[in-house]
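One-letter residues, chain by chain:
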Amino acid sequence: MNRIAAYLARRDIASLSAAVVPRADVLVLCGSAVLAAVDVAATAFQRGLADRILVSGGVGHSTPYLRHAVRENPRYGDVPTDARSESTIIAEILRRHHAVPDAAILIEDQSTNCGENAEFSVDLLKLTPLRLRSVLLLQDPTMQRRTHECFRRSLRDAANVRVSSYAPFVPTVPDRDAPNVHDEDGRTVWSMTRFTALIMGEMYRLHDDEQGYGPRGADFIDHLDIPSDVMDAYQRLAVAQTHSVRETWRP
């Protein structure tokens, strides 16, 4: 599980230090229930790593989890969540709790999956006067690699645009009996059951066959060469967790 999680939680840069990270034209934060991603995005903005944050996310399968996470969070519980999109909730957290100016935030609130996060965000950026040359991308760490590939696909006609991914943390499972998976601050993010289902579902989508999202399947992303040790880990886990492997794909 740890080998798969480390692969999915793509990090193209070692840390979010101004001395290490080239300044990006925009930071794209995709909606999810992982509040650590919001905190990391705010830190990157405060460090001057981008002048704008584009928050992407409408109402999708993760939205109930985000609403619950915000309501239960001791710091963010004052942010209204009912009947609101993921991007609207997260943008208010950034404004209210991280002092990110409203003028620095762009909101894309129609997407319902990673592919639309990328497609609709790129379409929105084309409507701005911004000359896009670089994107710093943050997402739920289990979805970071697939989201990166979706943005690469959506930007394939934009010459010389650099996309750099930075998963907010790399999930680790401490032992076989752990009931939950935590972020780097010790906050519970997923139950072990949900985490297993998430990473299995991601591997199922990334694998380029008739069931996956690559050119041989749904053609949402380009072909991806998954390292052999990651595929071996996935196949071993699939044998032990057959209930977590999706019989059908969905976007």
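In the block above lies the structure referred to throughout.
Since this is a predicted model, take the numbers as computed values, not measurements.

*Asks:* How would you explain the overall build of the protein if you had to name every residue and give the values?
*Replies:* What the protein contains, in helices and strands, is eight helices and seven strands. Relative to its length of 251 residues, the protein is compact, with a C-alpha radius of gyration of 17 Å against a globular reference of 18 Å. Expressed along its principal axes, the backbone C-alpha trace of the protein runs to roughly 50 × 45 × 40 Å. The 251 residues of the protein split such that 53% are buried. Put simply, of all contacts in the protein between residues at least 6 apart along the chain, 69% involve residues at least 24 apart. If you sum the accessible surface of the protein, you get close to 11,600 Å²; carbon and sulfur atoms cover 48% of it. Within the protein, one finds 29 positive and 33 negative side-chain charges whose respective centroids are separated by 3 Å.

*Asks:* Describe the sheet that holds strand 2 (residues 53-56), with residues and values.
*Replies:* Strand order in the open sheet made by the five strands is 3-2-1-4-5, with parallel pairing throughout. Bordering the open sheet on either side are strand 3 (105-108) and strand 5 (162-165), each of which pairs with just one other strand. With strand direction ignored, the average angle separating the axes of adjacent strands in the sheet is 25 degrees. Where strand 1 (residues 26-30) and strand 4 (residues 134-138) come together, four bridges link them in parallel fashion. Following the sheet pairing, Leu27 is matched in strand 4 by Leu136. The sheet strands contacting helix 4 (residues 86-98) are strand 1, strand 2 and strand 3, and the helix crosses strand 3 at an angle near 165 degrees. Those strands touched by helix 5 (residues 114-126) are strand 1, strand 2 and strand 3, and its axis lies near 130 degrees from that of strand 3.

*Asks:* If you had to explain the packing of helix 5 against helix 6 (residues 144-154) to someone new, which residues and values would you point to?
*Replies:* Relative to each other, helix 5 and helix 6 sit at 40 degrees, their axes nearing to 8 Å. As the angle between them shows, helix 5 and helix 6 are arranged oblique. Here helix 5 and helix 6 pass one another in a crossing that is right-handed. Note on element contacts: helix 6 touches helix 5 through Arg146, Thr147, Cys150, Phe151 and Ser154, opposite Cys114, Gly115, Asn117, Ala118, Glu119, Ser121 and Val122.

*Asks:* Hey, could you go over the side chain of Asn113 for me, with residue numbers and the actual values?
*Replies:* By the element assignment, Asn113 lies in the loop between strand 3 and helix 5. Residue class for Asn113 comes out buried when judged on its relative accessible area of 17%. Here the side chain of Asn113 touches Gly115 through a polar contact of 3.1 Å, landing on its backbone nitrogen. Of the polar contacts made by the side chain of Asn113, one reaches the backbone nitrogen of Glu116; its length is 2.9 Å.

*Asks:* A description of the nonpolar core should follow, citing residues and the corresponding values.
*Replies:* Within the largest apolar cluster, 47 residues are counted, with the highest numbers of intra-cluster contacts made by Ile4, Tyr7, Val28, Phe195 and Met203. Those elements that provide at least two residues to this core are helix 1 (2-8), strand 1, helix 5, strand 4, helix 6, helix 7 (192-206) and helix 8 (228-240). For this core, the leading source of residues is helix 7, giving eight residues. When residues no more than four places from it in sequence are discounted, the contact partners of Met203 are Ile4, Tyr7, Leu8, Ile226, Val230, Met231 and Tyr234.

*Asks:* Outline helix 3 (residues 63-72), listing residues and values.
*Replies:* Within the sequence span of helix 3, burial applies to Thr63, Leu66, Arg67 and Val70. Buried residues along helix 3 cover an arc of 100 degrees about the axis, so they all sit on one side. In this fold, the buried residues of helix 3 make contact with helix 2 (35-46) and helix 4.

*Asks:* Describe the environment of Asp183, listing the residues and the values that go with them.
*Replies:* Within the secondary structure, Asp183 is located in the loop between strand 6 (180-182) and strand 7 (188-191). Classification of Asp183 by relative accessible area gives buried; the value is 9%. Taking C-alpha positions, Asp183 is 8.7 Å from Pro168, a pair spaced 15 residues apart along the chain. Setting aside chain neighbours within four positions, we find Asp183 in contact with Ala36, Phe169 and Val189. A polar contact is formed between the side chain of Asp183 and the backbone nitrogen of Asp185, at a distance of 2.9 Å. A polar side-chain atom of Asp183 sits 2.7 Å from a polar atom in the side chain of Arg187.

Reading the values: rules and limits
For every chain, the first residue of its written sequence is number 1, and the numbers climb from 1 along that sequence. The predicted origin of the model limits local features to residues at a pLDDT of at least 70 and limits the giving and counting of side-chain atom pairs to 80 or more, whereas totals for whole chains, interfaces and linings rest on all residues. In computing side-chain properties, one takes all heavy atoms of the structure into account and sets aside hydrogens as well as water. Secondary structure elements follow DSSP: runs of H or I of four or more residues count as helices, runs of E of two or more count as strands, with numbering from the N terminus. In this setup the radius of gyration rests on C-alpha atoms only. A globule is expected at 2.2 Å times the number of residues raised to 0.38. Here's how the labels work: a residue is buried when its accessible area is under 20% of the maximum for its type, exposed when over 50%, partly exposed in between, all with a 1.4 Å probe on protein chains only. Here, two residues are considered to be in contact whenever any of their heavy atoms come within 4.5 Å of each other. Residue burial considers only the protein chains on display, and all accessible areas are found by Shrake-Rupley using a 1.4 Å probe. None of His or the chain ends enter the tally, which takes Lys and Arg as positive and Asp and Glu as negative. Just so you know, the charge point we use is NZ for Lys, CZ for Arg, CG for Asp and CD for Glu. Strand pairing is defined by DSSP finding a minimum of two bridges between the two strands. Every axis corresponds to a line fitted to the C-alpha atoms, with the helix fit spanning only the stretch in contact, and the corresponding angles, defined between N-to-C directions, vary from 0 to 180 degrees. Roughly parallel refers to an angle under 35 degrees, roughly antiparallel to one over 145, roughly perpendicular to one between 65 and 115, and oblique to any angle outside these ranges. We call a crossing left-handed when the near helix sits turned anticlockwise from the far one by less than a right angle, and right-handed when that turn is clockwise. We define a polar contact as two N or O atoms separated by no more than 3.5 Å, with the added condition that, inside protein, one atom must be a possible hydrogen donor and the other a possible acceptor, whereas residues neighbouring each other in sequence contribute only through side-chain atom pairs. Put simply, a nonpolar core is a bunch of buried Ala, Val, Leu, Ile, Met, Phe, Trp, Tyr and Cys residues held in one set by side-chain atoms that sit within 4.5 Å of each other. Arc definition: directions from the helix axis to the C-beta atoms.

Keep in mind these values describe shape, not function.
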